[in-house]
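For reference, the chains in residue letters:
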Amino acid sequence: MEKYGYRFSFGPWNIHSGADPFGPPVRAERSFADKLGQYRGLGFDAVQFHDDDAVPGLDELTPLQIRRRARKVKRQIDDAGLLAEFVAPRLWESPRTVDGAYTANDPEARRYAIERTKRAADIAHELGTDLMVLWLAREGTYMRESKDPVRATGQLLEAVNTILDYAPAIRIAIEPKPNEPMDLAYIPTMGHALALGSQSSDPKRMGVLMESAHSVLAGLDPSDEIGFAMSFGKLWSVHLNDQNGLKFDQDRSFGAVDLRRAFNQVKVLDENRFYDVGMVGLDVKAIRTQPFERDAEHLTNSLRVFLRLLELSRSLDRAAVQSLIDARDYEQLDWLIISHLLGG
Ligand code: XUL
Ligand code: MN
């Protein structure tokens, strides 16, 4: 498969048992080793990790035990011919973080969140990646009056500064999302994430990860969110997927809902040489009807859509596009793009 210099990644959670908030698993859960064995065959190069994807049960282990277990995982991914793209601390499942992690009102919960993030940085170090992703899942409110947004923003800043200081080799990419699980999140868009990074103690090490579904949930166009971050050299990873309107986070296969929107994401990534900067992550989930034996097709479909759209972006008649722009003939430009997407 020609991949045009792009490298692709996904997380172990992207092959899953199909449980949702309303029903139990519908497929057996695969082991980590089983999933790892599938990456190369599916056309992927790297693994995205939550800290506990690499070291399950890390809250019960000492820092030294965590590092040792992470080292074993490093050998597993080496043996599978894979890289680790990033490590993300999973700060949203512990009973300690029901009211938030870095912005919890309980100082003990905030302390736990910082310690857990330090362990995630240790794991990243052992897995050979300098990238940490922060999806700030529970930093926000269900009850507006329960937290103070000025104080919460200060706490988020203090948290990233503490990690930047603790792990001088680590770069942090914030993955914004406007809601779910919270009603209202404190860092809902690229702009918020970049502003926070710019105020940190080391702005050079603060960037972003754009997820298509999250941008759509914020009422924004993913390609503009990509372009905004890329204009500052701050887009360090992506979670491409798709989303049918303003509902729960669907993590549909890339391009499954809106091919033109997917095309514009690929176009802006490629025009700005994203392949020199980061990997193409696909944060997609198989729909619940999918059987166990065919539980990774959403990943291959998404990868194929990316590559097909890449070919379409590169084969676009740029001179014709430019002359239509010069003539301000945008209806014809519309037709040129649509007919190109339809195969000419
Ligand atoms: C949540 C989400 C997460 C992060 C990783 O919506 O996208 O999977 O990408 O923590
Ligand atoms: Mn994601």
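Everything below is about the structure printed above this text.
Fair warning: this is a prediction, and the values are worked out from it, not measured in the lab.

Conventions we followed
- Residues numbered from 1 in each chain as written.
- Chains lettered and ligands numbered in written order.
- Predicted model: local features only at pLDDT ≥ 70, side-chain atom pairs only at ≥ 80, totals over all residues.
- Heavy atoms only, no water.
- Helix = DSSP H or I, 4+ residues; strand = E, 2+ residues; numbered from the N terminus.
- Buried < 20%, exposed > 50% of the residue type's maximum accessible area, 1.4 Å probe, protein only.
- Contact = heavy atoms within 4.5 Å.
- Salt bridge = Lys/Arg side-chain N within 4 Å of Asp/Glu carboxyl O.
- Donors = N, O, S within 2.8 Å, 3.2 Å for Na, K, Ca; no water.
- Core = buried A, V, L, I, M, F, W, Y, C linked by side-chain atoms within 4.5 Å.

**Concerning the side chain of K177**
Here's step 1: Looking at the secondary structure, you find K177 in the loop between β6 (171–175) and β7 (184–185).
Here's step 2: Overall, K177 belongs to the buried group, its relative accessible area being 7%.
Here's step 3: Residues in contact with K177, not counting those within four places in the same chain, are W135, A185, I187, P188, H214, L217 and D249.

**What to know about unusual backbone geometry**
Here's step 1: With an omega dihedral of 10°, the bond running from E180 to P181 counts as a cis peptide bond.
Here's step 2: Residue placement: P181 occurs in the loop between β6 and β7.
Here's step 3: With respect to the helices, strands and loops of the structure, E180 is situated in the loop between β6 and β7.
Here's step 4: The backbone of R273 shows a phi angle near 55°, a positive value even though the residue is not glycine.
Here's step 5: On the secondary structure map, R273 appears in the loop between α10 (259–271) and β10 (280–282).
Here's step 6: A residue is classified by how much of its surface remains accessible, and R273, at 46% relative accessible area, is partly exposed.

**Some thoughts on the pattern of salt bridges**
Opposite charge on two side chains lets them pair, provided their charged atoms get close.
Here's step 1: Taken as a whole and judged by the stated rule, the model has 33 salt bridges.
Here's step 2: One salt bridge connects D51 with R116, and the closest N-O pair in it is separated by 2.7 Å. Pair noted here: D51 is in helix α3 (residues 51–54) and R116 is in helix α5 (residues 107–127), with a separation of 65 residues, a long-range link.
Here's step 3: D53 serves as the salt-bridge partner of R90, at 3.3 Å between the closest nitrogen and oxygen. Here D53 lies in helix α3 and R90 lies in the loop between β3 (83–88) and α5, a separation of 37 residues in the sequence. Here R90 matches D53 in class, with each residue buried.
Here's step 4: Here the salt bridges do not stand alone but share partners, grouping D51, D52, D53, D59, R90, E93, R96 and R116 into one network.

**Topic: the environment of F254**
Here's step 1: By the element assignment, F254 lies in the loop between β9 (235–240) and α10.
Here's step 2: Judged by relative accessible area, which is 1%, F254 ranks as buried.
Here's step 3: Each C-alpha atom, one on F254 and one on L282, is 7.5 Å from the other, the two residues being 28 residues apart in sequence.
Here's step 4: When sequence neighbours within four positions are dropped, the list of residues in contact with F254 reads L240, N241, D242, A262, Q265, V266, L282, V284, S302, V305, F306 and L309.

**Description of the coordination of the manganese ion (ligand 2)**
Here's step 1: Of the protein atoms, only E175 (OE), E211 (OE), H239 (ND1) and D283 (OD) coordinate the manganese ion (ligand 2), at distances of 2.0 to 2.2 Å.
Here's step 2: In the primary structure, the donors to the manganese ion (ligand 2) are separated according to the pattern E-x35-E-x27-H-x43-D. Of the two residues, H239 sits in strand β9 while D283 sits in the loop between β10 and α11 (297–314), which places them 44 residues apart along the sequence.
Here's step 3: The class of D283 is buried, set by a relative accessible area of 7%.

**Structural notes on the nonpolar core**
Inside soluble globular proteins, nonpolar side chains tend to come together where they are buried.
Here's step 1: Judged by nonpolar contacts, the single largest core of 83 residues is most densely connected at F49, L235 and F306.
Here's step 2: Among the elements that line this core, the one with the most residues is α5, at 7 residues.
Here's step 3: Discounting residues that sit within four places of it in the chain, F49 has contacts with W13, F32, A54, V73, I77, A84, F86, V87, A88 and L127.
Here's step 4: In terms of nonpolar packing, the next biggest core, distinct from the first, is built from 7 residues, L131, V133, L209 and W236 among them.

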